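Structural characterization, general
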Amino acid sequence: MQTHQADYFGAYRTMKMMRDTNGVLVVEFHSNGGRCTFSAQHHTEVVDAFHRIAQDRANKIVILTGADGDFIIGVDWNSFGDVSDPGVWSQIHDEGSQVLENIANIRVPVIAAIEGRAHIHSDYALLANVIVAAEGATFQDVGHFAVGVVPGDGIFTTWSYRAGAGRAEAFLLNPQPLSARTAHEWGVVAEVVANGKAVARARELAELYLRVPEVTRRNTRVHFIHPLKERLVREVGYGLALEGASAADLVKSMQNRAADAGSKEQVA
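Residues numbered from 1 in each chain as written. Predicted model: local features only at pLDDT ≥ 70, side-chain atom pairs only at ≥ 80, totals over all residues. Heavy atoms only, no water.

Focus: the packing of aromatic side chains
In this structure the tally under the stated criterion is nine aromatic pairs. With a centroid separation of 5.9 Å and 75° between ring planes, the pair formed by Phe-139 and Trp-159 is classed as edge-to-face. Of this pair, Phe-139 sits in strand E9 (residues 138-139) while Trp-159 sits in helix H4 (residues 155-163), and the two are 20 residues apart along the sequence. Its relative accessible area of 0% is what places Phe-139 among the buried residues. You can call Trp-159 buried: its relative accessible area is 0%. On the numbers, 6.5 Å between centres and 90° between planes, the contact of Phe-171 with Trp-186 is edge-to-face. With Phe-171 in helix H5 (residues 165-173) and Trp-186 in the loop between helix H6 (180-185) and strand E11 (191-193), the pair connects residues that are 15 residues apart, well separated along the chain. Phe-171 gets classed as buried once you look at its relative accessible area, which sits at 5%. The rings of Phe-29, Phe-38, Phe-50, Phe-71 and Tyr-124 are connected pair by pair, giving a single aromatic cluster. (Phe/Tyr/Trp six-rings, centres within 6.5 Å; stacked < 30°, edge-to-face > 60°. Helix = DSSP H or I, 4+ residues; strand = E, 2+ residues; numbered from the N terminus. Buried < 20%, exposed > 50% of the residue type's maximum accessible area, 1.4 Å probe, protein only.)

A word on the side chain of Ser-122
Tracing the backbone through its elements, the reader meets Ser-122 in helix H3 (residues 122-126). When its relative accessible area of 0% is taken as the criterion, Ser-122 is described as buried. The residues contacting Ser-122, other than those within four sequence positions of it, are Phe-139, Ile-155 and Trp-159. (Contact = heavy atoms within 4.5 Å.)

What to know about the nonpolar core
Core analysis: the biggest nonpolar cluster contains 68 residues, and Met-17, Ile-114, Phe-139 and Trp-159 have the highest contact counts within it. Ignoring sequence-local partners within four residues, the contact set of Met-17 consists of Gln-5, Tyr-8, Phe-9, Tyr-12, Leu-25, Val-26, Val-27, Ala-49 and Ile-53. (Core = buried A, V, L, I, M, F, W, Y, C linked by side-chain atoms within 4.5 Å.)

Some remarks on the side chain of His-144
Tracing the sequence through the fold places His-144 in the loop between E9 and H4. Note on His-144: relative accessible area 6%, which makes it buried. Among the polar contacts listed, one links the side chain of His-144 to the side chain of Asp-141, at a separation of 3.0 Å. If we skip the residues at most four places from it in the chain, His-144 touches Val-149, Val-150, Pro-151, Gly-152, Asp-153, Ile-155 and Glu-243. (Polar contact = N/O pair within 3.5 Å; in protein donor to acceptor, adjacent residues only side chain to side chain.)

Notes on unusual backbone geometry
Positioned with a positive phi, Asp-68 is a non-glycine residue whose angle comes to about 55°. By secondary structure assignment, the location of Asp-68 is in the loop between strand E4 (61-66) and strand E5 (74-75). Judged by relative accessible area, Asp-68 falls into the partly exposed class, the value being 48%.

Overview of the environment of Pro-86
Along the chain, the position of Pro-86 falls in helix H2 (residues 86-104). Residue classification places Pro-86 among the exposed positions, given a relative accessible area of 65%. Considered as a pair, Pro-86 and Phe-50 are 36 residues apart in the sequence and their alpha carbons are 26 Å apart.

Considering the sheet that holds strand E10 (residues 178-179)
The strand order across the open sheet formed by three strands is E7-E9-E10, and the pairing between neighbours is mixed. Of all the strands in the sheet, just strand E7 (117-118) and E10 have a single pairing partner and so form its edges. Sheet topology places E9 next to E10; two bridges connect them, and they run antiparallel. By the bridge assignment, Thr-138 is partnered in E10 with Ser-179. (Pairing = 2+ DSSP bridges.)

Notes on the packing of H4 against H5
The N-to-C vectors of H4 and H5 enclose an angle of 135°; their axes lie 7 Å apart at closest approach. Regarding the angle of H4 to H5, the classification is oblique. Considering only the axes of H4 and H5, their crossing is right-handed. Listed contacts from H5 to Ile-155, Phe-156, Trp-159, Ser-160 and Ala-163 of H4 are Ala-165, Arg-167, Ala-168, Glu-169, Phe-171 and Leu-172. Of the residues that constitute the contact of H4 with H5, the class distribution is eight nonpolar, one polar and two charged. (Axes fitted to C-alpha atoms, helices over the stretch in contact; angles between N-to-C directions. Parallel < 35°, antiparallel > 145°, perpendicular 65-115°, else oblique. Left-handed = near helix turned anticlockwise from the far one by under 90°. Nonpolar A, V, L, I, M, F, W, Y, C, P; charged D, E, K, R; others polar.)

Things to note about the confidence of the model for the chain
The predicted coordinates of low-pLDDT regions are not to be read in fine detail. Residue-level pLDDT values for the chain average 96, and 97% of them are 70 or greater. The lowest-confidence element of the chain is helix H8 (residues 214-267), averaging 92 in pLDDT; the highest-confidence one is strand E6 (residues 110-114), averaging 99. (pLDDT = per-residue confidence, 0-100.)

Focus: the sheet that holds E4
Judged by pairing direction, the sheet is mixed, and its six strands sit side by side in the order E1-E2-E4-E6-E8-E11 without closing on themselves. Edge strands, defined here as strands with exactly one partner in the open sheet, are strand E1 (15-19) and E11. On average, each strand axis in the sheet is inclined to that of its neighbour by 20°, with strand direction left out of account. Of the strands in this sheet, E1, strand E2 (24-29) and E4 touch helix H1 (residues 40-55), which is tilted by about 15° from E1.

Shown next, in the form of structure tokens:
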């Protein structure tokens, strides 16, 4: 199938974009062409990328996925610099709020095709209308409570909206891998398919949605995402402020431990 490309498709080093002649845009997160480990560059680029995707009316359906059989597997912590610095956290805070609002502002149906590990920013996937997950896919949050910071960047908002507050709290406080089957039982995942078939099934769903008139498709997405969008606006900025405070405290405690260890070595 021929593809119709836009100039912004090649503007980002952290995402691959390909659109077919029917207007189905596939957005693939990656790191240097392979499995995606989320970095500061990803964090910055996704803001602009999803803004432009939302503005481009040639996009009729959007599919979110990841490279090499995974969605997003981890975080490049060092790339973010000193997160206890207010100036550094200010950028993280702004980008963290903006990217979720920009995904929510995509005014066409969004499908997430999850293969393998969705262990960072599964909130991006939960902003899709439908999640198709491979049998071996797992959901986890390795970037917040697991390392000592508040899950404040939208991960609680999206999971509590999709799965319920009680399940979301337990999931985030004891961040263990959640299977695709369990996520399906919770109502987070719409369909579980064979490994390697998530994107293919997402394309089948896109073809089905394209049979509906465009204004209907667009307005249905707007209608369905609106309650979650309201929660994002109310909750994420506050959550990121709490997360920033906890990140600064974590850095301080790590520095104190390192200083104590150095003192003990000198005494010895």
